[in-house]
Each structure stands twice: as structure tokens, then as C-alpha cells.
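Structural overview
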Amino acid sequence: QQTWGPVMAKGIEDTTFYRWHRLVALNEVGGDPTVLDEAGPQALHSWAARQQESWPLGMTTLSTHDTKRSEDVRARLIAVAGDAAAWERCSRVFGEAAEQAGVDRPTGHLLWQTLVGAWPISPDRLHGYLTKAVREAKQHTAWVDGDPDYEARVLALADTAVAAGPMREAVEDALARSAGAVRATVLGAKLLQLLLPGVPDTYQGCELVDLSLVDPDNRRPVDFDTRGTRLGRLESGPPEDLDDEKLLVTSRALRLRRDLSAAFDADGSYEPLATSNEHAVAVCRGGAVAGVVARAPHHLAATGGWGTGTVRLPGGRWRDELTGREVPGGEVPLVDLLATLPVALLRRTGE
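Residues numbered from 1 in each chain as written. Predicted model: local features only at pLDDT ≥ 70, side-chain atom pairs only at ≥ 80, totals over all residues. Heavy atoms only, no water.

**Observations regarding the nonpolar core**
By size, the foremost hydrophobic cluster in this structure holds 45 residues, and its most contacted members are F94, L111, L115, L126, Y129 and L130. Mapped by element, the contributors of at least two residues to this core are α3 (71–80), α4 (84–101), α5 (105–118), α6 (123–137), α7 (148–162) and α8 (166–177). Dropping the residues within four chain positions of it, L130 is found in contact with L111, V154, L155 and A158. With 31 residues, the next largest nonpolar core counts L196, A253, V281 and L322 among its residues. (Core = buried A, V, L, I, M, F, W, Y, C linked by side-chain atoms within 4.5 Å. Buried < 20%, exposed > 50% of the residue type's maximum accessible area, 1.4 Å probe, protein only. Helix = DSSP H or I, 4+ residues; strand = E, 2+ residues; numbered from the N terminus. Contact = heavy atoms within 4.5 Å.)

Structure, rendered in C-alpha cells:
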């Protein structure tokens, strides 16, 4: 117990995770990058059932002071990973540029994923992150007895990447192609976090879209005035951008947890809801609150969208707290339920 935590932190999180860049969104504290090939809704439901049974008041979070990348950086990368053409282009362009610059290809692969996740990013923030990343990897340089020449080549490659040219074009094109997928992933991840068993924690600044990297980047000052202004505007009008939409999801879900606390406590229940489309994930808490989110949005679009897909809600009347839409129980068409937002937060209002 005295040594396992430090061994995990330094051996895996602060070494291996800075070397293995297949999909860096999965290289997270407490995470397991090898689950990529087997990920699916059932894994989530099984985890949630165990939590409700054994740890119903454990903390659930997406970002902390110690995450390697914020929740929204990871959401971006997971969304873009659904676009094979964009992923291949970024990998190729940055790999070739890295070789020409005397930088190893894995570091080039890390660089473009960092840019996709945090773009736009200032040179100071990017330099600080990359310096820490290559030193933690301990392959070409390190905190002790490092290689300043290699570090300089990495930072020069980063400067070239953010300037006008093929690398920046590849990053911006990947983000443009995935704008809708990013939106669905950002909002879906946040809604699930706030509805799953446990006590949800929203790390400072993550009420809006937050594109922070590892500390100290994720400890920058938070503009609470802007958040207050946006929250006030949402009381009387629709969201204007993704920041507003994330704040809407966060605030409305937390209000439901406050108002219907019995549905979320240790004696409450967690139930997966049946959907007829594999791209919809739906859950219900205490028979009183339901959430529906979209998964694999690129594949969803490629297969024709929601079509005739449905989600089966428990009986009674429901209202989407995000849009105000009234929804009957039973089989509900996903194309209608998710017409305004790629997520739905439903409150049961009557029998």
C-alpha cells in the first residue's frame, strides 16, 4: 500500500503513457488503453451496476487536477478517431515531417493528437506540454541528464506545425470534418458522467468546453464571470454555442440530482434502457430520470443516421429538461428526441 501508488504513477502514468500514442485520449490516470478494441455500452453498464451495488457514493469525474488531458480534449480525439481518412492524413503528414526534423515518429504522432485536442493553442502552452511529455517518456531526453538538442528539434517541429502549412491544414481539416461528432461526444460524455452512480465532480472550468493539457496547464485561472453570464442567459433563451450547450447539460443535470436526490442515492437504481440503434446509449435512474446519448457519431452518419431507431422509456409522461419537449413513455423515435441536441435529459412528470 505504501509503494503501489508511486509505482503506478511513475511507471505507467508518467512513463508508459508518454510513450504509447495509439490513441492518447485513453492514456489517462486510472485508465486502460488496451480496452479500445472491446469498448461498448455493455462495459459501461456493467461498471455502473457494480458501482451502484458496491460504491454508490464514490466520486465520478472526467477531469481532475491530475488528468493528462481534460475531458474535452479526450472527447475531441475520440470523435476524430472515428474519421479514418483524417486520422491517416494527420499521421502521415506529421510522421514525414517528424523524420525530416530528426524527431521520432511516435513524438510526431503525439504532437498532432495534442494539436487536434487543444487547438487553438499558444506556443508557450504547447512548448511547456511537449517539453514535459518528452522528458517523462525518458527515451530521448529526461528531467535529469536530458538532451537539449532533441528537445529543441521537437519544439521547432511544433512551431512549424502551428504555422501555415500542410501540418496545420491537416489538423484544422480534421476538426472541421468532426465538428458534429465532437459536439455529440463532448455532451454525451458529460451527461453520462452526471447520471451514472456516484457523486459527480466537475473540475474547475469544465462547466464549459475546456481544452487543457496536463498540469500545470489545467490549473489556469477560471473566468467565473463569463460562466455566470452564460448561465443567466440560459434561463431565458436557447444555447448559442457548444460552451452554452455543455453548461446547459451540466446545470440541468445537477439540478435534477438535487431535486430528485432519492433517484441517485445509495438506495436508488441504475437501469440500462433498450434502444433499437446501436449508436444510442440510454440509462435510467430511480425510474425518474433518463439520459440518452449518441455514440460513434461518424459511423452513425455513415450508416444513414437514426432512421427508424427508437429508445424504450418507462411508462408515463416525460419532459426533456434541455429542450422543454414533452415525451410520452414507450417507444420514442430517436430522430425526434435528438433533433435539437445529440443528447436528451428526461424527467418523469406523471403517470
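There is more to say after this.
**A look at the environment of M167**
Tracing the backbone through its elements, the reader meets M167 in helix α8. Assessed through its relative accessible area of 6%, M167 is described here as buried. Along the chain, M167 and S91 lie 76 residues apart, while their C-alpha atoms are 9.8 Å from each other.

**What to know about the pairing of strand β8 (residues 343–350)**
Consecutive side chains of a regular strand alternate in pointing toward one face of the sheet and then the other. Sheet analysis places strand β5 (residues 289–294) next to β8, joined by five bridges and oriented antiparallel. Looking at the pairing, A290 lines up with L346 of β8. Alignment of strand β6 (residues 310–320) against β8, held across four bridges, turns out to be antiparallel. Bridge pairing in β8 places R317 opposite G350. (Pairing = 2+ DSSP bridges.)

**Some points on the environment of L337**
On the secondary structure map, L337 appears in helix α13 (residues 334–337). Note: C-alpha distance between L337 and T250 (87 residues apart in sequence) is 19 Å. Each residue touching L337, except ones within four places of it in the same chain, is listed here: V292, V311, D320, V327, V332, A344 and L346.

**Thoughts on the packing of helix α9 (residues 179–195) against helix α11 (residues 242–259)**
Where α9 contacts α11, the axes come no closer than 10 Å and their chain directions differ by 15°. When the interaxial angle is binned, α9 and α11 end up roughly parallel. For the element pair α9 and α11, the recorded crossing hand is right-handed. Facing α9, whose interface residues are R183, V186, L187, K190, L191, L194 and L195, α11 presents L242, E245, K246, V249, T250, A253, L254 and R257. The residue inventory of the contact of α9 with α11, partitioned by class, reads nine nonpolar, one polar and five charged. (Axes fitted to C-alpha atoms, helices over the stretch in contact; angles between N-to-C directions. Parallel < 35°, antiparallel > 145°, perpendicular 65-115°, else oblique. Left-handed = near helix turned anticlockwise from the far one by under 90°. Nonpolar A, V, L, I, M, F, W, Y, C, P; charged D, E, K, R; others polar.)

**Let's talk about the sheet that holds β5**
With antiparallel pairing, six strands are arranged side by side in an open sheet as β3-β4-β5-β8-β6-β7. Two strands bound the open sheet, and with one partner strand each, they are β3 (270–273) and β7 (326–333). Mean inter-strand twist for the sheet, computed between neighbouring axes without regard to direction, equals 25°. Along the sheet, helix α2 (residues 41–54) contacts β3 and β4 (280–285); its crossing angle with β4, the most-contacted strand, is approximately 15°. The sheet strands contacting α11 are β4, β5 and β8, and the helix crosses β8 at an angle near 30°.

**Re the side chain of H45**
Mapped onto the secondary structure, H45 falls in helix α2. By relative accessible area, which is 10% here, H45 ends up buried. In this structure H45 touches Y270, P272, V281, A282 and V283, once residues within four positions along its chain are discounted.

**Comments concerning the pattern of salt bridges**
Between side chains of opposite charge, a pair can form when the charged atoms approach closely. All told, the structure shown has 30 salt bridges when counted by the stated rule. A salt bridge links D217 to R125; the nearest nitrogen and oxygen atoms lie 2.7 Å apart. Remark: R125 occurs in helix α6 and D217 occurs in the loop between β2 (199–201) and α10 (224–234); sequence separation between them is 92 residues. Accessibility assignment for this pair places D217 and R125 in one class, buried. (Salt bridge = Lys/Arg side-chain N within 4 Å of Asp/Glu carboxyl O.)

**Focus on the packing of aromatic side chains**
For the coordinates displayed, the defined rule picks out one aromatic pair. Judged by centre distance (4.6 Å) and plane angle (80°), the rings of W87 and W112 are edge-to-face. In this pair, W87 is assigned in helix α4 and W112 in helix α5, connecting sequence segments 25 residues apart. Just as W87 is buried, W112 falls in that class too. (Phe/Tyr/Trp six-rings, centres within 6.5 Å; stacked < 30°, edge-to-face > 60°.)

Purely geometric numbers; function is a separate question.
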